[in-house]
Amino acid sequence: MHVKSVLQKLHQQEVLTDKQWQQLYPPRRKRKKIRELVSSEHFDTKVLVVLLQTVCHLTPPYPYGWHAAPLNTDSSLSADVARLQLKLQEVGGLSGLRQDEYPVLWGQATDVLTRLGNQEVRVRIQRIENEMLPVDLQSKYIALVKGAWNASDCEAMVSKLVKLENNRRGTRAGARSAFKRNDGMTLDG
């Protein structure tokens, strides 16, 4: 399936909001001016996670898929994308954070982001760790995460993505059975 048609389906099913759709495909009247500005650097975290899970041909982490914690021993890209999503959902659902909880959450997020990124990401993380962020900016960033990853929206998004994944699995299984050889074995084994 073509990437745009997959994304259109996600938009129609309200996995992607109108605002997120416009990040991916700016309106025609603005497109000429900002076409070159369409970049993953400008996408919110939810759009990035949805793109990675739906159009980047990543295999869901074994054995639980995208929407449950992967095995601790799994350090694959898919597992880290799932971990990042779950961490963002956890933070988005918090009403507060005890001082002793912050280092644990920060450490888990840093581990995932470092594996997903590169040395440049590690340098940025170290810079953030050494800077004092003013309280108003702290509040702003917390509000951004909570707004993007609030519990009710995430539950709806996850259920829609699970349904899409199950439909895709059914389609793949049907295609494999259609290509069975005479001896009953499928092409993949």
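Residues numbered from 1 in each chain as written. Predicted model: local features only at pLDDT ≥ 70, side-chain atom pairs only at ≥ 80, totals over all residues. Heavy atoms only, no water.

**Student:** Sorry if this is basic, but what is going on with the side chain of Gln-89 here?
**Tutor:** The residue Gln-89 is located in helix α5 (residues 77–92) in this model. The buried category is assigned to Gln-89, whose relative accessible area is 16%. In this view, Gln-89 contacts Trp-149, Cys-154 and Val-158; residues no more than four positions away in its chain are not counted. (Helix = DSSP H or I, 4+ residues; strand = E, 2+ residues; numbered from the N terminus. Buried < 20%, exposed > 50% of the residue type's maximum accessible area, 1.4 Å probe, protein only. Contact = heavy atoms within 4.5 Å.)

**Student:** Is there a simple way to think about a nonpolar patch on the surface in this case?
**Tutor:** Side chains of Tyr-62, Tyr-64 and Leu-71 sit close together on the surface and give an oily, nonpolar patch of about 370 Å² of accessible area. On the secondary structure map, Tyr-64 appears in the loop between α4 (45–54) and α5. (Patch = residues over 30% accessible without salt bridge, like charges linked within 9 Å, V, L, I, M, F, W, Y side chains within 5 Å. Areas by Shrake-Rupley, 256 points an atom, 1.4 Å probe, with all protein chains shown as cover. Salt bridge = Lys/Arg side-chain N within 4 Å of Asp/Glu carboxyl O.)

**Student:** I would appreciate a short explanation of the nonpolar core in the present structure.
**Tutor:** General note: in soluble globular proteins, nonpolar side chains tend to be found buried as a group. Grouped together as the largest cluster of nonpolar side chains are 21 residues, with contacts concentrated most on Leu-7, Leu-10 and Leu-24. Put simply, the parts of the chain that give this core at least two residues each are α1 (3–12), α2 (18–24), α4 and α9 (151–178). When near neighbours in sequence (up to four residues on either side) are disregarded, Leu-7 contacts Leu-16, Trp-21, Leu-24, Tyr-25, Leu-51 and Val-55. (Core = buried A, V, L, I, M, F, W, Y, C linked by side-chain atoms within 4.5 Å.)

**Student:** Could you clarify how one ought to interpret the packing of aromatic side chains in this entry?
**Tutor:** The geometry of an aromatic ring pair comes down to the distance between the two centres and the angle between the two planes. In this structure the tally under the stated criterion is 1 aromatic pair. Between the aromatic rings of Trp-21 and Tyr-25, the centroid separation amounts to 4.7 Å while the plane-to-plane angle is 35°, which identifies the pairing as tilted. Lys-4 extends its terminal NZ or CZ atom over the ring of Tyr-25, reaching a point 4.8 Å from the ring centre. (Phe/Tyr/Trp six-rings, centres within 6.5 Å; stacked < 30°, edge-to-face > 60°. Lys NZ or Arg CZ within 6 Å of the ring centre and 35° of its normal.)

**Student:** Help me understand the pattern of salt bridges, please; the structure alone is not making it clear to me.
**Tutor:** As a working rule, side chains carrying opposite charge can pair if their charged atoms are close by. With the rule as written, the count across this model stands at 5 salt bridges. Between Asp-80 and Arg-83 there is a salt bridge, with the nearest N and O atoms lying 2.9 Å from each other. In this pair, Asp-80 and Arg-83 are both assigned in helix α5, 3 residues apart and thus about one turn of the helix distant. Between Lys-87 and Glu-90 there is a salt bridge, with the nearest N and O atoms lying 2.8 Å from each other. Pair noted here: Lys-87 and Glu-90 are both in helix α5, with a separation of 3 residues, about one helical turn. We classify Glu-90 as partly exposed; its relative accessible area is 36%. Among the charged side chains, a network of salt bridges with common partners joins Asp-80, Arg-83 and Arg-115.

**Student:** Teacher, can you tell me more about the side chain of Gln-85 here?
**Tutor:** Its place among the elements puts Gln-85 in helix α5. Look at Gln-85 and you get buried, because its relative accessible area is 0%. Those residues in contact with Gln-85 that lie beyond four places of it in its chain are Val-49, Gln-53, Trp-66, His-67, Trp-149, Met-157 and Val-158.

**Student:** So what exactly am I meant to see when it comes to unusual backbone geometry here?
**Tutor:** Across the chain, the bulk of peptide bonds are trans and the bulk of non-glycine residues have phi less than zero. Omega for the peptide link from Tyr-62 to Pro-63 comes to 0°, which places this bond in the cis form. Phi at Glu-14 is positive, roughly 65°, even though this residue is not glycine. Residue class for Glu-14 comes out exposed when judged on its relative accessible area of 61%. Despite not being glycine, His-57 has its phi angle at roughly 60°, a positive value. Here His-57 lies in the loop between α4 and α5.

**Student:** Would you mind showing me how to read the packing of helix α6 (residues 102–116) against helix α7 (residues 119–130) here?
**Tutor:** Geometry of a packed helix pair, given as the angle between the helix axes and the separation of the axes. Their axes nearest at 9 Å, the elements α6 and α7 cross at an angle of 155°. Considering the angle they form, α6 stands roughly antiparallel to α7. As for the relative orientation of α6 and α7, their crossing is right-handed in sense. For the pair α6 and α7, the contacting residues are Trp-106, Thr-110, Leu-113 and Thr-114 in the first and Val-121, Arg-122, Ile-125, Ile-128 and Glu-129 in the second. Residues that form the contact of α6 with α7 fall into these classes: 5 nonpolar, 2 polar and 2 charged. (Axes fitted to C-alpha atoms, helices over the stretch in contact; angles between N-to-C directions. Parallel < 35°, antiparallel > 145°, perpendicular 65-115°, else oblique. Left-handed = near helix turned anticlockwise from the far one by under 90°. Nonpolar A, V, L, I, M, F, W, Y, C, P; charged D, E, K, R; others polar.)

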